[in-house]
Amino acid sequence: MSFVATMVAGIKRRPRPRLGLKAKHSMWGYLFLVPAVAILLIFRIIPMIEAAYYSFTKYDLFSPPQFVGFKNYIDLAGDPVFLQSARASALYVVGSVIPVWIISLALAKLILSVSRFRGWFRGIIFMPVIMSMVVVAVLWRFLYYFPSGMVNTFLGMVGIPPVPWLTTPNTALLSIILIAIWRASPYFMVIFTAGLQAIPETYYEAGKIDGTNAWTEFWYITLPLLRPTFLLVVVMSVIVALKVFAVPQLMTNGGPAGATNVVPLQIYKTGFEFFRMGKASAMSMFLFAVMMVFSIIQIRLFSTSGETE
Amino acid sequence: MTARLSSRRTRNWFRNAILYGLLLIAASIAIVPILWMILSSFKYLEDMFTVPMTWLPDPWNWHSYSDAWAQRDFTRYFLNSLFVSISITVGNILICSMAGYALAKFRFVGRQFLFLVILSTLMLPLEVTMVPLFLIIKELSWPNTYTGLIVPFLADAFGVFLMRQYILGIPDELIEAARIDGMSEIGIFFKIIMPLAKPATIALSLFMFREAWDMYIWPLIIITQEQLRPITVGVALFMSNYTTDWNQLLAVAVIAMTPMFILFVFLQRYFVQGIALSGLKG
């Protein structure tokens, strides 16, 4: 654990080199920073500014962009396909992140409460995280196969008739939500494990003196002290869920009847199948606005760590 | 006294049985689908969805891999993925470490501001910027090039954050001593900072390799030439064209996950630490 210990040392130590290091070497500071800032500026920030510009134009790649004011945004507000994709994304996010929080925290507690085979269990449970989303899509299409894939076979064992998971609107969205839970929970389990381990033992000892039981200990000691970790998990899980693309694209291509047509998929279709760059940019701005709310919390968490004691 | 002790022992045994039982269930949910995929890739088509289900292939089909491989130029796709992923990983190790070092150990005007600028790109994932980024790449005539696949991803906000956090923990005295000895700034970075930051570098490279290997939406947009396709797009195209040949499709998927699997088996510790770090908050 020396790795994490060094990181913690980095956080505890105030990054304030003495005067000697300062002015003379500041030029080197800029030089070391240039490549990263240049790449991120050219390929992340400038594109975003351009998206804002294109969102006010009509642009099909073949004739030059034409300024149309707020037309794209007004169109979006009344476009049933887009509204449905916003709804699909919202349902997907809400439906997946809440189970992910509960399951990943439970898994973290579970892993920490046993003493033997901890590494083995953690390693095996972590396996879904290392798979490409494309491989995940192949795998789950196989598992959801109607009528005799593995999921339906297991349901059959408890007497439930086979479900055509990917071809009816309600079950299709549920199917990709279950995949999200399967793949995201182990990832956040690891973050929760680190957060739980960072809570000093003394709090629990003090709690024991006051007569806590497992439930009050969790509710009054663990949860409040886990707040920063929890906040980060909430933010990251929402952002990951908002970005989902490969799984719905490959499993249902947004169908049936638009039930899994999440916003990134609709942006892709509008831009690269119908070549309506202006409209796609307006959708991107919408997704950006939603993501920004959550990202700002994450950026505040990241940028203040190391500055505070 | 002994009665109480033994009742406590029974209770502990009972508690452990429940905990390990739950862990076994969780581990099964994670791993059984993957094992099922691997086993099924060795089955014949007619044994694919038997009722009742049979775990082991009977007989084993040793051809599904070579048959699948013959359908498309998967060797090329695989090598493309490897080349692009390694390039992105190496680039990020260098660029993110330099930026992290600058932010951790130098004082200059606008440092905090530039750190915030870098972090702000966390809210600009490809899913948001794909349309304008494509237009920029088109402007540069980079569609259908390795450059177009690699260069936009040579720096990463999380990577910079990770390296900065780690380098903050390296004592200033080491850097000052090297300066007094007359070591150049570039020498200090390569000979002192990089070796000391090795654990973070390994975590970062696993993180970047995983992201790059997973790359799907971007090559889908900018690559139309067969010989530049990465394995992800290859698998996806195979899935949309050959859905009935499940054993071959699963075989290709298994091959596509092998590099990550190998890295994970050997470097699991660093994987887990890299992710754990993103949750560390001072």
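Conventions we followed
Residues numbered from 1 in each chain as written. Chains lettered and ligands numbered in written order. Predicted model: local features only at pLDDT ≥ 70, side-chain atom pairs only at ≥ 80, totals over all residues. Helix = DSSP H or I, 4+ residues; strand = E, 2+ residues; numbered from the N terminus. Rg over C-alpha atoms; globule rule 2.2 N^0.38 Å. Buried ≥ 20, exposed ≤ 12 C-beta atoms within 10 Å, placed from the backbone. Contact = placed C-beta atoms within 7 Å. Nonpolar A, V, L, I, M, F, W, Y, C, P; charged D, E, K, R; others polar. Core = buried A, V, L, I, M, F, W, Y, C linked by C-beta atoms within 7 Å. Arc of directions from axis to C-beta. pLDDT = per-residue confidence, 0-100.

Tallying secondary structure elements over chain B gives 13 helices and zero strands in all. Counting from the amino terminus, helix and strand elements in chain B follow one another as α-α-α-α-α-α-α-α-α-α-α-α-α. For 282 residues, the compact-globule estimate of 2.2 N^0.38 gives 19 Å, and the C-alpha radius of gyration of chain B, at 25 Å, exceeds that figure by more than 25%. Overall, the C-alpha framework of chain B stretches about 80 × 75 × 35 Å when taken along its three principal axes. Counting the 282 residues in chain B, one finds 49% classified as buried. When contacts within chain B are restricted to residue pairs at least 6 apart in sequence, those whose partners lie at least 24 apart make up 77%.

Before going further, it helps to examine the interface of chain B and chain A. On the chain A side, the residues contacting the 91 residues of chain B number 96 residues. Of the residues forming the side of chain B that touches chain A, the biggest block, 16 residues, is contributed by helix 13 (residues 246–278) of chain B. The class makeup of the residues in the side of chain B that touches chain A is 71 nonpolar, 11 polar and nine charged.

On to helix 7 (residues 150–157) of chain A. Along helix 7 of chain A, the positions that sit buried rather than exposed are Met150, Val151 and Asn152 of chain A. Downstream of helix 7 of chain A by one or two residues, Gly159 of chain A has phi in the positive range, about 85°.

Okay, unusual backbone geometry next. Looking along the chain, the bond that leaves Phe146 of chain A and enters Pro147 of chain A is cis, with omega of 5°. On the secondary structure map, Pro147 of chain A appears in the loop between helix 6 (133–143) and helix 7. Looking along the chain, the bond that leaves Asp58 of chain B and enters Pro59 of chain B is cis, with omega of -5°. For Pro59 of chain B, the location among the structural elements is in the loop between helix 1 (2–40) and helix 2 (64–71). One non-glycine residue, Asn253 of chain A, lies in positive phi territory at about 45°. Assignment of secondary structure puts Asn253 of chain A in the loop between helix 12 (246–251) and helix 13 (263–272). In this structure, Phe275 of chain A takes a positive phi of about 55° despite not being glycine. Given 13 C-beta atoms within a 10 Å radius, Phe275 of chain A is considered partly exposed.

Turning our eyes to something else, we now look at the nonpolar core. Grouped together as the largest cluster of nonpolar side chains are 186 residues, with contacts concentrated most on Ala36 of chain A together with Ala99 and Ala253 of chain B. The dominant element in this core, judged by the number of residues it contributes, is helix 13 of chain B, at 18 residues. If we ignore the near neighbours within four places in the chain, the residues touching Ala253 of chain B are Val135, Val138 and Leu139 of chain A together with Met37 and Val235 of chain B.

In this section: the environment of Pro230 of chain B. Here Pro230 of chain B is to be found in the loop between helix 11 (217–222) and helix 12 (231–241). Among all residues touching Pro230 of chain B, those that are not within four sequence positions of it are Tyr77, Asn80, Ser81, Val84, Met215 and Pro219 of chain B.

On to the environment of Phe117 of chain A, then. Tracing the backbone through its elements, the reader meets Phe117 of chain A in the loop between helix 4 (80–113) and helix 5 (118–126). Taking the C-alpha atoms as reference points, Phe117 of chain A and Phe154 of chain A, separated by 37 residues in sequence, lie 28 Å from one another.

Here we come to helix 4 (residues 111–120) of chain B. What helix 4 of chain B keeps buried is the set Leu114, Phe115, Ile118 and Leu119 of chain B. Viewed along the axis of helix 4 of chain B, the buried residues span an arc of 140°, placing them on a single side of the element.

The next subject is the confidence of the model for chain A. A residue-level look at chain A finds 90% of positions with pLDDT of 70 or above and a mean pLDDT of 86. Below a pLDDT of 50 lies the segment residues 17–22 of chain A, which in the model reaches eight contacts outside its immediate sequence neighbourhood of four places, other chains included.

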